Amino acid sequence: MPNYKNFEESDRPRRDAPRKPSLLHEIRDLDERLISMISRRNFLMGKAASKRKEKGLPLADPDQERRIFEIWTTKSADEKFNLKAARRVFEQLNTLAYTCVSHPENRNLPSYSLSPARRPVKVTIDGPCSLFQSQLWMALAAMCSADAKMSPLSVNDQLTSLAKAFNQAGAHLSWEGDTIESRAGEGVSFEDKLVFAGDDPMTMYLVLAFGLKDPGKFKIAGGPILKQYDSRVLTPILDPLGARLNTLDLQSHGLPARLECGGNLATSVTMFEDSPSKFAAALTLAGWTYPKGLTIKFEKDWAGISDIKDAVEVLSACGIEANLSETECVIPATETFSFPEEPKIALDPELSAAILSLPAFAGGNVTIKGTWPTNSPKAIDALKMLDLGGVDVKVTGTEISSTKGAQPKSVTFDLDQAADLFPIGMALAINSDTECSLNNIKNVALFEQGVELLERLGLEYTRTDDGIKIAPGKIQWEEAWNAPTPYFGIALGLMAYIRPGLSIQNPGDLTDLWPRYWTLYNSLPEIDGLKDPQVKDVEDDAKSKRRRIKID
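Residues numbered from 1 in each chain as written. Predicted model: local features only at pLDDT ≥ 70, side-chain atom pairs only at ≥ 80, totals over all residues. Heavy atoms only, no water.

J.: For this particular structure, what's the right way to read the overall build of the chain?
T.: Looking only at helices and strands, the chain features 20 helices and 22 strands. The buried share of the chain, taken over its 552 residues, is 49%. Long-range pairs, those at least 24 residues apart, make up 73% of the contacts in the chain with a sequence separation of at least 6. Carbon and sulfur atoms provide 49% of the accessible area of the chain, an area that totals close to 27,600 Å². (Helix = DSSP H or I, 4+ residues; strand = E, 2+ residues; numbered from the N terminus. Buried < 20%, exposed > 50% of the residue type's maximum accessible area, 1.4 Å probe, protein only. Contact = heavy atoms within 4.5 Å. Areas by Shrake-Rupley, 256 points an atom, 1.4 Å probe, with all protein chains shown as cover.)

This is the structure:
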C-alpha cells in the first residue's frame, strides 16, 4: 500500500508566521495534498478493479461509478462547478486508477488503436451461440445428470465458472475448445456444500434456484462483484418459497451467504418491477424439480418475459412442460425428461446483431451460420434496430445475413428488450448522418455511459423524457477510452470506419464476452470461416533456442 502523507496542523502556516505564503506556495501546497488523496483513491479503486479483472470481468463497475458520481453531482452544484467539466475530471480520475492496475495488457498495450481496412466486408462465420441459453442448457444438463455435448459455444469465463460451481455440488461438466460436455453421475446436491459462484449473478441465480428444491442449508461465495451484490431484491421472492439468504458479512448484503431452505415451498411467486429477470428465468428452469411445481406471476409487458421465454424453450426441448402467458408461467412438477445428446443452441441475438451491423459502416455482406431465435423479443428488437439503421437482413432456417440498405433519415430507435445494443444503436445513429433518437432506455448507468461517449466524440445531443436525441456532426477524438461494457467497445470498432484511429484501453473485455471477437475484427474485410489464431508452442520455441556450449 502506498505511503500517504499525513497533513498535520504543523504543516500549515502558523498564524504568527512572519510572512503570508505566496499564491504559488499555497497552490503547490494544495496540489501536494491533492496528489496524495488521488494516490489513495487510485489504490482503493485499483484494488477493486484488479480483483474484478482476476475473475475475467471489466475493470470498471458501472453501478459503483454511478453511485460514486452521485456525490460529484451534489457537490458540483454546491460549489458551482460545471457538471460537464466535473464529469470529465471524474472520468479521468477513474482512468488513472484503472491504468495503475497491474495487468500485462495495461503495461504492454496502453491502448488499442482501431483502424480497420475501409473496404466492403465479405464475412461468413459460425455462431456466436447465445451465452444466456448456454448457461441454461449447462445447468439443466448438470441437474438432469445427462450425457450430452454442447457445441459450438462461446466458452468464456462465465461458462467455465458456472461449470465449476455445479461440479462442486456433484455435476460432471468439462470443457475443451468451443465444446462443453456433461457426463452422467450420482446427481447434484447442494446441501451442506460451499459453492463458489465466481462473479456472474446468473451463476448465483441458478445455484439458488436449484438449491431451493431440498430442505437444508448451504453456503455460496463469490468474487468482488458478487460481494457487492444487493441481495435484498431477492428477499420478496425467497420468502414465499420458505427460504432465507443470510449474508455472512454483517456490513454487506452480498456474498458470502447461507441459503436456508425449510422445504415448505409455495406453489407461486410474484415478480416485481425490480426483480432480476434472470433470477425469474433460473426459477423457471428449476420449477419442475420442486415438489408441487411453480407458478411465476408478473405484470403484463414485464421486462423479464424475454428471459423467462428462453428458459421455457430450453425446458420444452427436454420434454418438460411449461406454459407461458402474458402474466404468468406455470411449470408443473415432473420426474420425466428427455435431454438431447446434442442440444441445438440458437444464435445470440444481441452479439449477432452487432456483427450484422458491419455493412452499414463498411458495405459488403455478413453471413452468420446458425439458428436465429425468431420468436425471441430481444431478437425482434435487434432486427428492428438493424432495419432502421440502414441494414437489410435475410433470415433462413440455417443462417442470417445482412447487407447495406438505404441510408436512414431521421429515425427513432426503441431497443426495449435488446438493451445491451444501446451502444450499437448509437453507432448506427451517428453513421446515419442525420438527427436520430434512441428511446425507452431504462438502464440509467448505461444511458450515462452513452452520454459520456457522445461528449468524448464531440457530438451534440439533447436529453429527452426517456432517451436521447443525437444531432449529426463530425467525430472528434483525443485519447483512448475504457469502454464500460463490451458493446461500447464493439461500437467504437464500428465507428472507426467513420473516423479511423479511435482507441480503446480495455480490448480484453470484448474477449471475455466472445473469445473470437478480435480474431474476427482483425481478419476483416474478407473472412470465410473464423479460425482461432495459431498459438506458438513456448516449449518448442525454447528448445529451438538451446545451444551446445563447449567448456574447455
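That covers the picture; the talk isn't over yet.
J.: Would you mind going over helix H12 (residues 349-356) with me for this structure?
T.: Three- or four-residue spacings in an α-helix give side chains the same orientation, since the helix completes a turn every 3.6 residues. Across the 8 residues that make up H12, a large majority, 8, are buried. What H12 keeps buried is the set Pro-349, Glu-350, Leu-351, Ser-352, Ala-353, Ala-354, Ile-355 and Leu-356. The residue sitting at the N-terminus of H12 and contributing the capping side-chain oxygen is Asp-348; that oxygen lies 3.2 Å from the backbone nitrogen of Glu-350. (Polar contact = N/O pair within 3.5 Å; in protein donor to acceptor, adjacent residues only side chain to side chain.)

J.: What am I meant to see in the nonpolar core here?
T.: The biggest cluster of nonpolar side chains holds 82 residues, and the ones touching the most others in it are Leu-140, Phe-166, Phe-190, Leu-206, Phe-210 and Leu-283. Top contributing element to this core by residue count: helix H5 (residues 131-144), with 11 residues. Non-local contacts of Leu-283, meaning those with residues more than four positions away in its chain, are made with Ala-209, Leu-212, Ile-237, Leu-241, Met-271, Tyr-290, Leu-294 and Ile-296. Among the nonpolar cores identified, the runner-up in size contains 72 residues, and Leu-114, Ala-362, Leu-428 and Ile-441 belong to it. (Core = buried A, V, L, I, M, F, W, Y, C linked by side-chain atoms within 4.5 Å.)

J.: Please clarify how the sheet that holds strand S6 (residues 194-196) should be interpreted in this entry.
T.: The strands that make up a sheet are held in pairs by hydrogen bonds between backbone atoms, and each pair lies either parallel or antiparallel. Judged by pairing direction, the sheet is mixed, and its 4 strands sit side by side in the order S6-S7-S9-S8 without closing on themselves. This sheet does not close on itself; its edge strands, each paired only once, are S6 and strand S8 (243-247). Between one strand axis and the next, the sheet turns through 25° on average, direction left out of account. With 5 bridges joining them, strand S7 (residues 216-221) and strand S9 (residues 257-261) adopt antiparallel strand pairing. Paired with Phe-218 across the two strands is Leu-259, which belongs to S9. Each of S6, S7, S8 and S9 is contacted by helix H7 (residues 201-211), which is oriented at about 175° to S7, the strand it contacts most. (Pairing = 2+ DSSP bridges. Axes fitted to C-alpha atoms, helices over the stretch in contact; angles between N-to-C directions.)

J.: Help me out: how do you make sense of the side chain of Lys-378 in this one?
T.: Here Lys-378 is to be found in helix H14 (residues 377-388). Relative accessible area serves as the criterion here: at 15%, Lys-378 is assigned to the buried category.

J.: Would you mind going over the confidence of the model for the chain with me for this structure?
T.: As a general rule, the predicted coordinates of low-pLDDT regions are not to be interpreted in detail. Mean pLDDT over the chain works out to 86, with 89% of the residues at or above the 70 mark. In the predicted structure, residues 1-18 sits below a pLDDT of 50 and forms 18 contacts with residues beyond four places in sequence or in another chain. pLDDT under 50 marks residues 102-109. Its contacts with residues more than four places away, or in other chains, come to 13 contacts. (pLDDT = per-residue confidence, 0-100.)

J.: What is the right way to look at the state of the cysteines in this model?
T.: One covalent bond between the sulfur atoms of two cysteine residues makes up a disulfide. Taken as a whole and assessed by the stated rule, the structure comprises 0 disulfides. Cysteine Cys-318 shares no disulfide, and the gap to the nearest cysteine sulfur, in Cys-144, comes to 5.9 Å. (Disulfide = S-S within 2.5 Å.)

J.: Mind showing me how you'd approach the packing of aromatic side chains here?
T.: Between two aromatic rings, the relevant description is the distance of the centres plus the angle of the planes. For the structure shown, the criterion picks out 15 aromatic pairs. Their ring planes at 65° and their centres at 5.6 Å tell us that Trp-288 and Phe-337 sit as a pair that is edge-to-face. Linking Trp-288 in the loop between helix H10 (277-286) and strand S11 (294-297) with Phe-337 in the loop between strand S13 (328-331) and H12, this pair joins segments that are 49 residues apart in sequence. Trp-288 sits in the buried class, given a relative accessible area of 5%. Its relative accessible area of 33% is what places Phe-337 among the partly exposed residues. With a centroid separation of 6.1 Å and 25° between ring planes, the pair formed by Tyr-517 and Tyr-521 is classed as stacked. (Phe/Tyr/Trp six-rings, centres within 6.5 Å; stacked < 30°, edge-to-face > 60°.)

J.: Is there a simple way to think about the packing of H10 against helix H11 (residues 305-317) in this case?
T.: Describing two packed helices takes the angle between their axes plus the distance from one axis to the other. Two elements in contact, H10 and H11, have axes separated by 8 Å at closest approach and are oriented at 20°. Taken together, the axes of H10 and H11 are roughly parallel relative to one another. With respect to the hand of their crossing, H10 and H11 are arranged in right-handed fashion. Note on element contacts: H11 touches H10 through Asp-307, Ile-308, Ala-311, Val-312, Val-314 and Leu-315, opposite Ser-277, Lys-278, Ala-280, Ala-281, Thr-284 and Leu-285. Classifying every residue of the contact of H10 with H11 gives 8 nonpolar, 2 polar and 2 charged. (Parallel < 35°, antiparallel > 145°, perpendicular 65-115°, else oblique. Left-handed = near helix turned anticlockwise from the far one by under 90°. Nonpolar A, V, L, I, M, F, W, Y, C, P; charged D, E, K, R; others polar.)

J.: Help me out: how do you make sense of a positive patch on the surface in this one?
T.: Together, Arg-40, Lys-47, Lys-51 and Lys-227 give the surface a local cluster of positive charge. Sort the elements by how many residues they give to the positive patch and helix H1 (residues 23-54) lands first, with 3 residues. Among the structural elements, Arg-40 can be located in helix H1. (Patch = residues over 30% accessible without salt bridge, like charges linked within 9 Å, V, L, I, M, F, W, Y side chains within 5 Å. Salt bridge = Lys/Arg side-chain N within 4 Å of Asp/Glu carboxyl O. Lys, Arg positive; Asp, Glu negative; His and termini not counted. Charge placed at Lys NZ, Arg CZ, Asp CG, Glu CD.)

J.: What am I meant to see in the environment of Gln-407 here?
T.: Within the secondary structure, Gln-407 sits in the loop between strand S16 (399-404) and strand S17 (412-414). For the pair Gln-407 and Ala-360, spaced 47 residues apart in sequence, the C-alpha to C-alpha distance is 8.6 Å. A polar side-chain atom of Gln-407 sits 3.5 Å from the main-chain carbonyl oxygen of Asn-431. Polar side-chain contacts of Gln-407 include one of 3.1 Å to the backbone oxygen of Ser-432.

J.: Sorry, what's going on with the sheet that holds strand S5 (residues 179-182) here?
T.: One open sheet accounts for 3 strands, arranged S3-S5-S4; its pairing is antiparallel. Looking along the sheet, the strands with just one partner apiece sit at the ends: strand S3 (148-150) and strand S4 (173-176). Pairs of neighbouring strands in the sheet enclose a mean axial angle of 20°, with direction left out of account. Direction of pairing for S3 relative to S5: antiparallel, over a ladder of 3 bridges. When the sheet's bridge partners are listed, Ala-148 is paired in S5 with Ser-182.

J.: Help me understand the pairing of S7, please; the structure alone is not making it clear to me.
T.: Across a regular strand the side chains alternate sides, sitting on one face of the sheet and then on the other. Pairing analysis gives 3 bridges linking S6 to S7, with the strands arranged parallel. Directly across from Leu-194, in S7, lies its bridge partner Lys-219. Between the parallel elements S6 and S7, the chain passes through H7 in a crossover that is right-handed. (Right-handed = clockwise from strand over helix to strand, strands pointing away.)

J.: I tried to follow the side chain of Asp-509 on my own but got confused; where do I start?
T.: Structurally, the position occupied by Asp-509 is in helix H18 (residues 508-513). In this structure Asp-509 comes out as buried when scored by relative accessible area, which is 2%. A polar contact of 2.5 Å, which involves the side chain of Asp-509, links it to the side chain of Asn-506.

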